[in-house]
Amino acid sequence: MCLAIPAKIAQLDGDGMATVDILGVTRGVSIDLTPQAGVGDFVLVHAGFAIEVVDPDYAQETIDLIKEFPDLAGDELPAATA
């Protein structure tokens, strides 16, 4: 089983990399598997790779589910914003 988490692309860094916001934390991820992704898009991230572009509603549903498991994430998580 693998877990992918939604992230919003904050900036494209070049060379197939992007900075994303994952529940309020920024990380660098590879967008080689999702070359169509752009700033403001939500992507599913697994093992440092954006593996799929998803719509904001789907991203929010997933974030809401993650919030139901306090061991996985803190209580004060921001909402996904389009």
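The rules we used
- Residues numbered from 1 in each chain as written.
- Predicted model: local features only at pLDDT ≥ 70, side-chain atom pairs only at ≥ 80, totals over all residues.
- Heavy atoms only, no water.
- Helix = DSSP H or I, 4+ residues; strand = E, 2+ residues; numbered from the N terminus.
- Buried < 20%, exposed > 50% of the residue type's maximum accessible area, 1.4 Å probe, protein only.
- Contact = heavy atoms within 4.5 Å.
- Areas by Shrake-Rupley, 256 points an atom, 1.4 Å probe, with all protein chains shown as cover.
- Pairing = 2+ DSSP bridges.
- Patch = residues over 30% accessible without salt bridge, like charges linked within 9 Å, V, L, I, M, F, W, Y side chains within 5 Å.
- Salt bridge = Lys/Arg side-chain N within 4 Å of Asp/Glu carboxyl O.
- Lys, Arg positive; Asp, Glu negative; His and termini not counted.
- Charge placed at Lys NZ, Arg CZ, Asp CG, Glu CD.
- Core = buried A, V, L, I, M, F, W, Y, C linked by side-chain atoms within 4.5 Å.

*Asks:* I would appreciate a short explanation of the overall build of the chain in the present structure.
*Replies:* Within the chain, the secondary structure is distributed over one helix and five strands. Starting at the N terminus, the α and β elements of the chain follow one another as β-β-β-β-β-α. For the chain, with 82 residues in total, the buried portion stands at 35%. Counting only contacts in the chain whose residues sit at least 6 apart along the sequence, the fraction spanning at least 24 positions is 37%. Surface accessibility of the chain: about 5100 Å² in total, with carbon and sulfur atoms responsible for 55%.

*Asks:* Would you mind going over the environment of L44 with me for this structure?
*Replies:* Tracing the chain through its elements places L44 in strand β4 (residues 42-46). Every residue in contact with L44, bar those within four places of it in the chain, is listed here: A4, I5, P6, F49, A50, I51, E52, V54 and Y58.

*Asks:* How should I be thinking about the pairing of strand β1 (residues 5-14) in this particular structure?
*Replies:* It is a general feature of regular strands that their side chains alternate between the two faces of the sheet. Bridge count between β1 and β4: four bridges; the pairing is antiparallel. Paired with A7 across the two strands is V43, which belongs to β4. The pairing of β1 with strand β2 (residues 17-22) spans five bridges and is antiparallel. Across the sheet, K8 pairs through a bridge with D21, a residue of β2.

*Asks:* Can you walk me through a negative patch on the surface in this structure?
*Replies:* A cluster of acidic side chains, namely D55, D57, E61, D64 and E68, defines a negative patch on the protein surface. With respect to the helices and strands, D64 occurs in helix α1 (residues 56-67). Accessibility expressed as a relative area gives 37% for D64, which makes it partly exposed.

*Asks:* Is there a simple way to explain the side chain of T34 in this structure?
*Replies:* By the secondary structure assignment, T34 is in the loop between β3 (25-30) and β4. T34 has contacts with A50, I51, E52 and V53, leaving out every residue within four places of it along the chain.

*Asks:* In this structure, what is going on with the nonpolar core? I would like to understand it.
*Replies:* As a rule of thumb, nonpolar side chains are buried together in soluble globular proteins. Residues I9, V20 and V43 are the most contacted members of the largest nonpolar core, which totals 14 residues. Those elements that place two or more of their residues in this core are β1, β2, β4 and α1. Counting residues per element, this core draws most heavily on β2, which supplies three residues. With residues near it in sequence (within four places) discarded, V43 still touches I5, P6, A7, I9, A37, A50, E52, V53 and V54.

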